Structure formats: structure tokens, C-alpha cells
Protein chains: 2
Amino acid sequence: MRIITIDREFGSGGREIGKRLSEALGIPCYDQEIIEEVAKLHGVTPEQIESISEADMRTAYPHTIGHRFIAPRLTSHDSVKVAVAQQEGIRKLALQGDCVVIGHCADIVLKGENPFNIFVYADQPSKLKRCISRSEKDEDQEEILRMMKRIDKNRANYRELFADTPWGRKENYHLCINTSGHEVKTLIPALKMHVECWFANH
Amino acid sequence: MRIITIDREFGSGGREIGKRLSEALGIPCYDQEIIEEVAKLHGVTPEQIESISEADMRTAYPHTIGHRFIAPRLTSHDSVKVAVAQQEGIRKLALQGDCVVIGHCADIVLKGENPFNIFVYADQPSKLKRCISRSEKDEDQEEILRMMKRIDKNRANYRELFADTPWGRKENYHLCINTSGHEVKTLIPALKMHVECWFANH
């Protein structure tokens, strides 16, 4: 089975890479679908799942078991339940067949399936430009920069629940790709070949 | 002009990647050739150049100008002269046309030519295995591990002479590739495509 996980800095184009790569490979891409799956499994709305942020989860999570998430002793706190449910959702979707999974610490959750793990990053001016071009509201630059920082911090914190190695450290991934100054679609043919070479020889 | 620079952890297969990639692209690869060029330019033997280690250079280099190497105030110390001469040698070779340059902080020295910068790394067991398989003498494992550590430390120190950003930090490179558990030759078709996509869209 070919599972590709994509982790990414906010604004680096990682989600677009995931979507385009899955199209190029002709396999599904799971991102928002994970949230929807979790909501369905637990009889709540996707909005309820999304409202529980990664930052909340960290606060709720008992520190002493923070690095042993495989079979955590659950508290009654909803956000921890959601964290666990997200892992179930990822496994349920990913184990159906070849796929790309974006975020959600999928590289760790699916470790046993030997996924190919990609990290996407970029310099700040490139990420800012990308965020501004995608912004629906007329947000100012400072506001966007604060949001970028906050979201990446949340991702780093969320990862700490599952792994002993920090978020974004190249050693965690098979390939790290810098999208600074690039149209990410131009990177897809090479990434597709990377995936194919990797699974052909692994 | 297409210049590809390869930086690498010792034992990760970076040199082999550089050689194979240059063959796949049909362009020269400079590594030992830089030492030979420098020796020729300065009327000494390659062995004399090589005997001056990167670690020596750091010791000899005046700390106050350590981060401004573009036009350093030279001391009379030979090792500093060699560092400068190596940069001249790299520029002389690289500016002749498309090429792959291995090591020697070529990504910084050739920054003005917009090179595509690759960093090659691997986990310790993979690097150790590679080193053992290539070792001519019957070195013990501990000895090889010490050598790996020393060489990478020297590379990190050498980089500090030229750059404000630490060696091996993914932000310095366009692509970081983890060769753990891989025959590096299987990675070449995808890397070749990366290089081609990059230069076609940059």
C-alpha cells in the first residue's frame, strides 16, 4: 500500500501539493475528510470537531502521558477524545488503500504502514505572499503573520502529543521541499516520481 | 546556467548522489577537482591543500570577521589562504557552465548564480552501514562513529566561516533528501526531474 503523508508550514502550499500530488497519482487525498469522518463516527458536526483546536488539546492532555499516546489513559475532556478520534479516523480512511494524508500527524499514526513522509516549507515572504493572495477578508500583514505563527505553533504542540521528535525536523521526513518563490504545481512531476521511485524500491 | 550544489552528512551517500546526478544530467561534477584546481593555481600539491583541514581553518580565522567572508581581511595564516583559494577554485570551475558541486559551501559561494541546493542526510544506522561497507581498513564501529561525528562537526564549523545560518538547517536548501535504508541510485531519476523542473520554472 502506498501512503504519502504531507506535513507543512502554514502558507507553504503543502495542502495544494497534497491535493495535486494525489490527482497526479490517481489516489484519494484526505484532509478535511478526516474531520468529516470523525464527526460521522461520533455523531457530531464537523464544525464541533474543528472548534476544538490543537492548542486546546495540548492544554487538556495530561503531561505525564504526553509522549506515550499509543494507548493513552483518557480523561473525560472532549478535546482529548477528539485527538484520539482523529487518529481512528485517519486509520479508517488510510487503510482503505493508497492515499495522500495531509497533516494530523499522519506520519506517526500510520508509521506501521511505512508511509512516504514529505515536509513542505518556505521562507516567510513567500508564505506571506501566498496567504495574502488567498485571503478572503482584507486582513493586514501583521495579522496574517500572527496567524501564521500561531497555526504553526499549534501544529508543533499537537505533534508533541504523539512524538518525541519536534515538528518540522528534517530527520522525521523522507523528503523536505522548499517552495519559496515557486508555483507549487511545477513541483508535482518530480514529487510524483519521488513517490514512485520510493515505493518501487522499498 | 544550471548549478546544483550538494551538501551532505558524512556517510549519507551525498557524494554518490552528486556523481550520479551529474552523469544523469550530462554535466561535470566538481569535488576533488576543486582541490586539484586550487593546488594548480597556487603551485602546491593536492595533498598539501588537503592536509589543511576545515577545523584548522576555523581556528585560524579571526573571530570578528567570521561572518563576513565575502572580502575578508586576510591574515598570513596558510589555512585562511586555502579557504579563500577554495572559493576562487569553485568559482573558476563552476562559472564554466552547468555543473554539480559537492561540499565546500558552494551554495553560499555561488549564491549569485542561483544554484539549486540539495542537502543529503540519513539516520545513523544507515550512515554507519554505508561507511563500514566502504571502509578499506578493518576499522571498528566506534572508530567509524567518532570519524563521522568529527567530519560533520568540521563541516558545520567550516560553514560558520561563510554563513550566518547553521549547517544542515533545511531552510538553507531547496530540497533535503533522507537516504536512510536506500540505494541512492534509485533516487536519481526523481532528483534529475527536480532539477529540470526547478530550472525550467525559475
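Anything mentioned here points back to the structure above.
Treat the numbers as computed from the prediction; the structure is a model and nothing was measured. (Residues numbered from 1 in each chain as written. Chains lettered and ligands numbered in written order. Predicted model: local features only at pLDDT ≥ 70, side-chain atom pairs only at ≥ 80, totals over all residues. Heavy atoms only, no water.)

A. Local environment of the nonpolar core. One finds Ile4(A), Ile6(A), Ile118(A), Ile4(B), Ile6(B) and Ile118(B) to be the most contacted residues of the largest nonpolar core, which totals 42 residues. If we skip the residues at most four places from it in the chain, Ile6(A) touches Gly14(A), Ile17(A), Gly18(A), Leu21(A), Val100(A), Val101(A), Ile102(A), Gly103(A), Ile118(A) and Val120(A). (Core = buried A, V, L, I, M, F, W, Y, C linked by side-chain atoms within 4.5 Å. Buried < 20%, exposed > 50% of the residue type's maximum accessible area, 1.4 Å probe, protein only. Contact = heavy atoms within 4.5 Å.)

B. Region of the structure containing the environment of Leu41(B). All names here are of chain B. Looking at the element boundaries, leucine 41 is found in helix α2 (residues 32-42). Using a relative accessible area of 42% as the deciding quantity, one classes leucine 41 as partly exposed. In contact with leucine 41, other than residues within four places in its own chain, are Gly89 and Lys92. (Helix = DSSP H or I, 4+ residues; strand = E, 2+ residues; numbered from the N terminus.)

C. Expanded view of helix α7 (residues 124-134) of chain B. Within α7(B) the residues assigned to the buried category are Ser126(B), Lys127(B), Leu128(B), Arg130(B) and Cys131(B). Check the buried side of α7(B) and you find it contacts α1 (14-25) and α8 (141-162) of chain B.

D. Layout of the interface of chain B and chain A. Opposite the 24 residues of chain B that make contact, chain A presents 24 residues. A buried area of about 2,100 Å², summed over both sides, lies between chain B and chain A, and 61% of it is on carbon and sulfur atoms. Across the contact surface, chain B and chain A share zero salt bridges. Listing elements by their share of the side of chain B that touches chain A, those giving two or more residues are β4 (116-121), β5 (175-178) and α9 (188-200) of chain B. Here the element with the most residues in the side of chain B that touches chain A is α9(B); it accounts for seven residues. Each residue belonging to the side of chain B that touches chain A can be placed in one class, and the counts come to 12 nonpolar, nine polar and three charged. (Buried area = accessible area lost by both parts, 1.4 Å probe. Salt bridge = Lys/Arg side-chain N within 4 Å of Asp/Glu carboxyl O. Nonpolar A, V, L, I, M, F, W, Y, C, P; charged D, E, K, R; others polar.)

E. Quick peek at the relation of the copies chain B and chain A. In screw terms, the move from chain B to chain A is a rotation of 180° and a rise of 0.0 Å along the axis, fitting with an RMSD of 0.0 Å. Expressed as a symmetry operation, the mapping of one chain copy onto the other fits a two-fold axis. Most of the interface of chain B is mirrored in chain A, where 100% of its interface residues are also at the interface. (Least-squares fit on C-alpha atoms with pLDDT ≥ 70 in both.)

F. Seen up close, the packing of aromatic side chains. Overall, the coordinates contain 10 aromatic pairs over all chains when judged by the stated rule. With a centroid separation of 5.0 Å and 85° between ring planes, the pair formed by Trp198(A) and Phe199(A) is classed as edge-to-face. When sorted by exposure, Trp198(A) lands in the same class as Phe199(A), which is buried. Seen in terms of ring centroids, Phe119(B) and Trp167(B) are 5.5 Å apart; in terms of plane orientation they differ by 80°. Their pairing is edge-to-face. Linking Phe119(B) in strand β4 with Trp167(B) in the loop between α8 and β5, this pair joins segments that are 48 residues apart in sequence. Looking at Trp167(B), the relative accessible area reads 17%, which means it is buried. Site record: aromatic cluster; members linked through ring pairs are Phe119(A), Tyr121(A), Trp167(A) and Tyr173(A). (Phe/Tyr/Trp six-rings, centres within 6.5 Å; stacked < 30°, edge-to-face > 60°.)

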